[in-house]
Amino acid sequence: MTTTRRLGRSGIEVSAIGMGCWAIGGPLWGDGGQPFGWGEVDDDESVRTIHAAIDAGVTLFDTASNYGAGHSERVLGRALAGRRDRVVLATKFGNRSDEATRRWIGTDPAPAYAVRSLEESLRRLGTDHVDLFQLHLNDLPVPVALDLVDTLEGLVTEGKIRAYGWSTDHPDSAEAFAKAGPHCTAIQHDQSVLADNAAMLAVCEAHDLAALNRGPLAMGLLTGAQRTAGRDDVRGVAPEWLVWFTDGRPTPEWAARVEQIRAALTADGRTLSQGALGWLLARSPRTIPIPGARTVAQAEENFATLTLGPLPAQAYAEVERLLADLRPTPVV
């Protein structure tokens, strides 16, 4: 069974599922007390979780400069001490935060800030390079994003990054960036069994890009967990874009959708989360889901999907039938 995939045109080989490191960053606060993290975390357990992911075959770890105002990168760097050569590191830039106060303080798309952000990330991660450096401003106008390309290419030449990409949900933005940037190799975008983005996958196919799937478990909705998220958790005070949760609990209409497809996702003995990840592996050869994990148990469950592989064809077809009204009619 293939447990690795190619990171787009870079040719870098990574595990078919990576570990998202947003949650292990702990709290981050925005304007008006808006939480941008997932609540308090146990750093020692986070380190054990990262080690469990590696033991399960994970080689790709995705973080960002503002996850916990840099705390995620510090914990990841600690966990990977002596293991750096075994993994592929991805981080992001564009958001500014204050590590001392754990507050988000705005955005900066300037090329000079990209360079500065990378240097700060390298120090926190304890490495001399990152493998994938991603623009972290979803809605940035394309001309502003394209102003970064020369700087990013320069960082590739210097050996400080191997490739770069953009975390965006806009196919036109992704296509423009891919056309302009020779070493643009990946687009990170929202993608799950509940939120398919066929247009983005088509761009990735057309331009030989990897599709890193953030939100592959719909922020925890597809794990079946029933715990109410606290007020220091982004799901507890959900911003407008986070439709899966309301006041820290699963939004009823979406929870009902999960129950509608549960049997199909778990038909071959998988757990619900393993079925959701298996659906993504079956969706496209370019998809690389990056579920988060905060405990060893979560890591062991999620990353066992590397062994289970894609959802079987019959189960995949049944999921699509059940969710047909969520899928747009193809244009012919």
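Shown above is the structure to which this text applies.
Every chain is numbered on its own, with residues counted from 1 as its sequence reads. In keeping with the predicted nature of the model, local features appear solely for residues at pLDDT of at least 70, side-chain atom pairs appear and are counted solely at 80 or more, and the whole-chain, interface and lining totals rest on all residues. Excluding hydrogens and water, the side-chain figures rest on all heavy atoms present in the structure.

1. Some words on the overall build of the protein
Move 1: A run of H or I in DSSP becomes a helix once it reaches four residues, and a run of E becomes a strand once it reaches two; helices and strands are each numbered from the N terminus. Counting secondary structure elements, the protein contains 12 helices and 14 strands.
Move 2: Here the radius of gyration uses the C-alpha set of atoms, whereas the globule reference equals 2.2 Å times the residue count to the power 0.38. Over its C-alpha atoms the protein spans a radius of gyration of 19 Å, differing by no more than 12% from the 20 Å that the globule rule assigns to 332 residues.
Move 3: A principal-axis box enclosing the C-alpha atoms of the protein has dimensions of 50 × 45 × 40 Å.
Move 4: The burial tally for the protein puts 54% of its 332 residues in the buried class.
Move 5: Note on contacts: a residue pair is in contact if any heavy atoms of the two residues lie within 4.5 Å. Pairs at least 24 residues apart make up 72% of the contacts formed inside the protein by residues separated by at least 6 positions.
Move 6: Of the roughly 13400 Å² of accessible surface on the protein, 52% is carried by carbon and sulfur atoms.
Move 7: Treating the 32 positive side-chain charges of the protein as one cloud and the 42 negative ones as another, the clouds have centres 2 Å apart. Remark: exposure states derive from per-residue accessible area (1.4 Å probe, protein chains only) relative to the maximum for the residue type, with buried under 20%, exposed over 50%, and partly exposed in between. Accessibility throughout is a Shrake-Rupley quantity obtained with a 1.4 Å probe, and a residue counts as covered only by protein chains that appear here. For the charge count, each Lys or Arg is scored as positive and each Asp or Glu as negative, with His and the chain ends excluded. Every charge is mapped to an atom, namely NZ of Lys, CZ of Arg, CG of Asp or CD of Glu.

2. Re the nonpolar core
Move 1: Residues M19, I50, F61, L194 and W244 are the most contacted members of the largest nonpolar core, which totals 83 residues.
Move 2: Residue contributions to this core peak at six residues, all from helix α9 (residues 272–283).
Move 3: Those residues in contact with M19 that sit more than four places away from it in its chain are I24, T49, I50, A53, V58, L60, F61, D62, I290, P291, A293 and F303.
Move 4: Counting 13 residues, the second-largest nonpolar core is a separate cluster that includes V14, A90, A163 and A186. Side-chain atoms within 4.5 Å are what join buried Ala, Val, Leu, Ile, Met, Phe, Trp, Tyr and Cys residues into a set we call a nonpolar core.

3. With respect to unusual backbone geometry
Backbone phi values are negative for most residues with the exception of glycine, while trans is the configuration of most peptide bonds.
Move 1: In the Ramachandran plot, A69 falls in the positive-phi region, its phi being about 55° despite a non-glycine side chain.
Move 2: For A69, the location among the structural elements is in the loop between β4 (60–62) and α2 (71–79).
Move 3: Classification of A69 as buried rests on a relative accessible area of 2%.

4. Topic: the packing of aromatic side chains
Move 1: In this analysis, rings of Phe, Tyr and Trp, with Trp reduced to its six-membered ring, are considered paired at centre separations within 6.5 Å, and the interplanar angle assigns stacked below 30 degrees, edge-to-face beyond 60, and tilted for intermediate values. Per the stated rule, a full pass over the model turns up eight aromatic pairs.
Move 2: Both rings, one in W22 and one in Y67, keep their centres 5.9 Å apart while their planes meet at 20°; by these two values the pair is stacked. Taken together, the residues span a long stretch of sequence, with W22 in the loop between β3 (19–20) and α1 (43–55) and Y67 in the loop between β4 and α2 at a distance of 45 residues.
Move 3: The exposure class assigned to W22 is partly exposed, which follows from its relative accessible area of 21%.
Move 4: Seen in terms of ring centroids, W279 and Y316 are 5.6 Å apart; in terms of plane orientation they differ by 15°. Their pairing is stacked. Highlighted residues: W279 in helix α9 and Y316 in helix α12 (residues 313–322), separated in sequence by 37 residues.

5. Some points on helix α6 (residues 171–180)
Move 1: Those residues of α6 that sit buried are S173, A174, F177 and A178. Mapping the buried residues of α6 onto a view down its axis gives an arc of 130°, with all of them on the same face. Opposite the buried face of α6, at more than 90 degrees from it, the exposed residues are D172 and K179.
Move 2: Packing partners of the buried residues in α6 comprise α4 (142–146), α5 (149–158), β9 (161–167), β10 (184–190) and α7 (198–206). The arc in question is formed by the directions pointing from the helix axis toward the C-beta atoms.

6. Some remarks on the sheet that holds β4
Each strand in a sheet pairs with its neighbour through backbone hydrogen bonds, running either in the same direction (parallel) or in the opposite one (antiparallel).
Move 1: Any two strands with at least two DSSP bridges between them are considered paired. A sheet is described by the order of its strands in space; here eight strands give the open sequence β3-β4-β5-β8-β9-β10-β11-β14, paired in parallel fashion. Pairing within the sheet leaves two strands with one partner each, and these edge strands are β3 and β14 (287–289).
Move 2: With four bridges joining them, β9 and β10 adopt parallel strand pairing. By the bridge assignment for β10, W166 is matched with I187.

7. Observations concerning the packing of α1 against helix α10 (residues 296–303)
Move 1: Axis lines are fitted through C-alpha atoms, for helices just across the contact stretch, and the angle between N-to-C directions can take any value from 0 to 180 degrees. Relative to each other, α1 and α10 sit at 20°, their axes nearing to 8 Å. Here α10 runs roughly parallel to α1, going by the angle between their axes. The hand of the α1/α10 crossing is right-handed. For the pair α1 and α10, the contacting residues are E45, R48, T49, A52 and A53 in the first and V296, A299 and F303 in the second.
Move 2: When residues are sorted by character, Ala, Val, Leu, Ile, Met, Phe, Trp, Tyr, Cys and Pro go into the nonpolar class, Asp, Glu, Lys and Arg into the charged class, and all the rest, Gly among them, into the polar class. For the contact of α1 with α10, a count of residues per class yields five nonpolar, one polar and two charged. Note on terminology: angles under 35 degrees are roughly parallel, angles over 145 are roughly antiparallel, angles of 65 to 115 are roughly perpendicular, and the others are oblique. Handedness of a crossing is defined here by the sense of rotation of the near helix relative to the far one, left-handed for an anticlockwise turn of less than a right angle and right-handed for a clockwise turn.

8. Points about the pairing of β9
Move 1: β9 sits mainly inside the fold: six of its seven residues count as buried.
Move 2: Bridge count for strand β8 (residues 130–135) against β9 is five bridges, and the pairing is parallel. Following the sheet pairing, L132 is matched in β9 by A163.

9. Quick notes on the pairing of strand β5 (residues 88–93)
Move 1: Among the six residues that make up β5, six are buried, leaving the element largely enclosed by the rest of the structure.
Move 2: Across the two faces of β5 the burial is the same, with V88, A90 and K92 and L89, T91 and F93 all buried.
Move 3: One ladder, built from three bridges, connects β4 with β5; its direction is parallel. Bridge pairing in β5 links F61 to L89.
Move 4: The β-α-β motif built from β4, the intervening α2 and the parallel element β5 has right-handed crossover chirality.
Move 5: Where β5 meets β8, four bridges bridge the pair, whose relative direction is parallel. Across the sheet, residue T91 finds its bridge partner in β8, namely F133. Looking down the strands as they point away from the viewer, one classifies a crossover as right-handed if the path from the first strand across the helix to the second runs clockwise.

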